[in-house]
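Here's the letter readout for the chains.
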Amino acid sequence: MLGTLVAFMVANPAMSHALTATLETAGLAAALILLRSPRPEGIAALVVSTYYYGREAGQREHDLKHAGWDAVQAHLGAEFLYGWSLPNLQQWVAPTCAAWVVAGAIYLIRSRMARAAPLQPPRRGRF
């Protein structure tokens, strides 16, 4: 079973990044919710999106330098998405979309739970 999963992830890097980003976003959002961070789902999605963008941009910059681009061109190409191959773009877009979908789902769940539990006035007295 583990071998099949690893083989799938290696054969489908964009999908494996999206699945991993889903778990990372949910885990980070859960930790931020417990820490009572403002807008934890958005922060989690932003962190995960930035991580995957940096990962793919860094790899693409490295590839561009080895292809003969000078350092400035390679950096700008990685920064502004030109010179990217389709796999690089897919491996950034897939986890970014997954992270924001998970953040949206968490936001909807939290907002519906807040509406379902109406605020009650504080009790007066000893108990």
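Residues numbered from 1 in each chain as written. Predicted model: local features only at pLDDT ≥ 70, side-chain atom pairs only at ≥ 80, totals over all residues. Heavy atoms only, no water.

K.L.:
Tell me what's going on with the UniProt feature "signal peptide" (unreviewed entry) in the protein, and back it up with residues and numbers.
P.N.:
The UniProt record marks residues 1–18 with the feature "signal peptide" (unreviewed entry), using the residue numbering of this structure. In this annotation, residues 1–18 is assigned 89% helix and 0% strand; the end-to-end C-alpha distance for the span is 20 Å. (UniProt positions renumbered as here; feature names shortened; annotations may be inferred. Helix = DSSP H or I, 4+ residues; strand = E, 2+ residues; numbered from the N terminus.)

K.L.:
I'd like a rundown of the confidence of the model for the protein, residues and numbers included.
P.N.:
Confidence along the protein averages 90 in pLDDT terms, with 92% of residues attaining 70 or more. For the protein, per-element mean pLDDT is lowest for helix H1 (residues 2–11), which scores 88, and highest for helix H2 (residues 13–34), which scores 95. (pLDDT = per-residue confidence, 0-100.)

K.L.:
Summarise H2; cite the residues concerned and give the values.
P.N.:
Over its 22 residues, H2 runs 31 Å from end to end, which matches the ideal 32 Å to within 8%, given 1.5 Å per residue. Residues Ala 14, Ser 16, His 17, Ala 18, Ala 21, Thr 25, Ala 29 and Leu 32 constitute the buried set of H2. In this structure, the buried side of H2 is in contact with H1, helix H3 (40–66) and helix H5 (86–116). (Expected span 1.5 Å × (residues − 1). Buried < 20%, exposed > 50% of the residue type's maximum accessible area, 1.4 Å probe, protein only. Contact = heavy atoms within 4.5 Å.)

K.L.:
So what about unusual backbone geometry? Which residues, and what values?
P.N.:
For Arg 36, which is not glycine, the phi dihedral falls at a positive 60 degrees. Structurally, Arg 36 is set in the loop between H2 and H3.

K.L.:
Just give me the short version of the packing of aromatic side chains, but keep the residues and values in it.
P.N.:
Pairs of aromatic rings are described using the distance from one ring centre to the other and the angle between the two planes. All chains considered together, the criterion is met by five aromatic pairs. Between Tyr 51 and Tyr 52, the aromatic rings sit 4.9 Å apart at their centres with planes inclined by 80 degrees, giving edge-to-face as the arrangement. With relative accessibility at 46%, the residue Tyr 51 sits in the partly exposed group. Here Tyr 52 falls in the buried class, since its relative accessible area comes to 3%. (Phe/Tyr/Trp six-rings, centres within 6.5 Å; stacked < 30°, edge-to-face > 60°.)

K.L.:
Could you give me a rundown of the UniProt feature "transmembrane region" (unreviewed entry) in the protein, with the residues and numbers involved?
P.N.:
Within this structure's numbering, the places UniProt gives as "transmembrane region" (unreviewed entry) are residues 92–109. Counting secondary structure, residues 92–109 comes out at 100% helix and 0% strand; the distance between its end C-alpha atoms is 26 Å.

K.L.:
Quick rundown of a nonpolar patch on the surface? Include the residues and the values.
P.N.:
On the surface, Leu 2, Leu 5, Val 6, Phe 8, Val 10, Met 15 and Leu 19 cluster together to form a nonpolar patch covering roughly 670 Å² of accessible area. The set of elements that each furnish at least two residues to the nonpolar patch consists of H1 and H2. At five residues, H1 tops the list of elements feeding residues into the nonpolar patch. For Leu 2, a relative accessible area of 62% corresponds to the exposed category. (Patch = residues over 30% accessible without salt bridge, like charges linked within 9 Å, V, L, I, M, F, W, Y side chains within 5 Å. Areas by Shrake-Rupley, 256 points an atom, 1.4 Å probe, with all protein chains shown as cover. Salt bridge = Lys/Arg side-chain N within 4 Å of Asp/Glu carboxyl O.)

K.L.:
Which residues make up the environment of Thr 96, and what are the values?
P.N.:
Mapped onto the fold, Thr 96 is located in helix H5. Of the residues examined, Thr 96 reaches a relative accessible area of 15% and is grouped as buried. Linking Thr 96 and Tyr 51, residues 45 residues apart in sequence, is a C-alpha distance of 9.3 Å.

K.L.:
Before we move on, can you summarise the side chain of Gln 91 with the specific residues and values?
P.N.:
When you line up the elements, Gln 91 lands in helix H5. The class of Gln 91 is buried, set by a relative accessible area of 15%. Those residues in contact with Gln 91 that sit more than four places away from it in its chain are Pro 13, Ala 14, His 17, Tyr 52 and Glu 56.

K.L.:
Break down the nonpolar core for me, citing the residues and quoting the values.
P.N.:
The biggest cluster of nonpolar side chains holds six residues, and these are Ala 21, Ala 45, Val 48, Tyr 52, Ala 99 and Ala 103. In terms of residue count, the dominant contributor to this core is H3 (three residues). For Val 48, the contacting residues outside a window of four places in its chain are Ala 21, Glu 24, Thr 25 and Ala 99. (Core = buried A, V, L, I, M, F, W, Y, C linked by side-chain atoms within 4.5 Å.)

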